[in-house]
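Now for the letters of each chain:
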Amino acid sequence: MTDQTEIESFAVPGAIAETLQRYIDGARTGDIALLRSAFAEGARVSGSYGGKPVTWSLEEFCEAVAKGGPAPGLQTRIVVIEAAGGAAMARLEALDWRGTRYTDFFVMVRREDGWRIDSKVFHAHTRA
């Protein structure tokens, strides 16, 4: 590994965390444009909400978030980030997204303009 590739590989988790932070900040403030900027075009969101499976396009997910409004009490922590080349995965735990706790699993891709969420799979836990 060259010095340059070592420096670049060290920076990857931070760059991924920055993308996840845009997602978090967009959810917390209700800024859908900011939230959307964390996703790749054509991204999908799937999971379980209220015990029922859901699958949304990025547009449908953003509409649902916009309808619910800001989540000012949202607390989050990034549990893990793993990357290989231009592919990555991350797990995020979220508490009190408008009263619900979530576990989110993200598949991420590196694009020319940075890391983006290509898909999100989530589980909605009991209400907080």
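## A few points about the environment of Leu-95
Its location among the elements puts Leu-95 in strand β4 (residues 87–97). Leu-95 gets classed as partly exposed once you look at its relative accessible area, which sits at 36%. For the pair Leu-95 and Arg-77, spaced 18 residues apart in sequence, the C-alpha separation works out to 9.0 Å.

## Observations regarding helix α3 (residues 58–68)
Structural remark: α-helix, 3.6 residues per turn; residues separated by three or four positions point the same way. Among all positions of α3, only Leu-58, Phe-61, Cys-62 and Val-65 are buried. Burial along α3 is one-sided: seen end-on, the buried residues are contained in an arc of 95 degrees. At the exit of α3 stands Gly-69, carrying a positive phi of roughly 85 degrees.

## Digging into the layout of surface pockets
Its volume calculated, the largest pocket comes out at about 230 Å³. As for the largest pocket, its lining consists of 12 residues, and the residues nearest its centre are Tyr-49, Trp-56, Trp-97, Arg-98 and Tyr-102. Taken together, the elements giving at least two residues each to the lining of the largest pocket come down to α3, β5 (100–111) and β6 (114–127). A breakdown of the residues in the lining of the largest pocket according to their chemical character gives 8 nonpolar, 1 polar and 3 charged.

## Describing the side chain of Arg-116
Inspection of the secondary structure puts Arg-116 in strand β6. At 3.3 Å, the side chain of Arg-116 forms a polar contact with the backbone oxygen of Ser-37. Filtering out sequence-adjacent residues up to four positions away, Arg-116 remains in contact with Thr-19, Arg-22, Ser-37, Ala-38, Phe-39, Ala-40, Val-107, Met-108, Val-109 and Arg-111.

## Quick notes on the pattern of salt bridges
For the structure shown, the criterion picks out 6 salt bridges. One salt bridge connects Asp-113 with Arg-116, and the closest N-O pair in it is separated by 3.1 Å. Classification of Arg-116 as buried rests on a relative accessible area of 11%. Connected via shared salt-bridge partners are Arg-91, Glu-93 and Arg-101.

## Let's talk about the packing of aromatic side chains
Taken as a whole and assessed by the stated rule, the structure comprises 8 aromatic pairs. Taken together, a centroid distance of 6.0 Å and an interplanar angle of 65 degrees make the contact between Tyr-23 and Phe-39 edge-to-face. Taken as a pair, Tyr-23 in helix α1 (residues 3–29) and Phe-39 in strand β1 (residues 39–49) lie far apart in primary sequence, 16 residues in all. Of the two residues, Tyr-23 and Phe-39, both sit in the buried class. Here the aromatic cluster, defined as three or more aromatic residues joined through ring pairs, consists of Tyr-23, Phe-39, Trp-56, Phe-61, Trp-97, Tyr-102, Phe-106 and Phe-122.

## Focus: unusual backbone geometry
Here Asp-96, not a glycine, exhibits a phi torsion of approximately 65 degrees, which is positive. Mapping Asp-96 onto the fold places it in strand β4. According to the relative accessible area criterion, Asp-96 is partly exposed, its value standing at 29%.

Definitions and limits used
Residues numbered from 1 in each chain as written. Predicted model: local features only at pLDDT ≥ 70, side-chain atom pairs only at ≥ 80, totals over all residues. Heavy atoms only, no water. Helix = DSSP H or I, 4+ residues; strand = E, 2+ residues; numbered from the N terminus. Buried < 20%, exposed > 50% of the residue type's maximum accessible area, 1.4 Å probe, protein only. Arc of directions from axis to C-beta. 1 Å grid on protein atoms, 1.4 Å probe; cavity = no way out; pocket = protein on both sides within 12 Å on 5 of 7 lines; lining within 4 Å. Points joined across faces, edges and corners; volume = space filled by probe spheres on them. Nonpolar A, V, L, I, M, F, W, Y, C, P; charged D, E, K, R; others polar. Polar contact = N/O pair within 3.5 Å; in protein donor to acceptor, adjacent residues only side chain to side chain. Contact = heavy atoms within 4.5 Å. Salt bridge = Lys/Arg side-chain N within 4 Å of Asp/Glu carboxyl O. Phe/Tyr/Trp six-rings, centres within 6.5 Å; stacked < 30°, edge-to-face > 60°.

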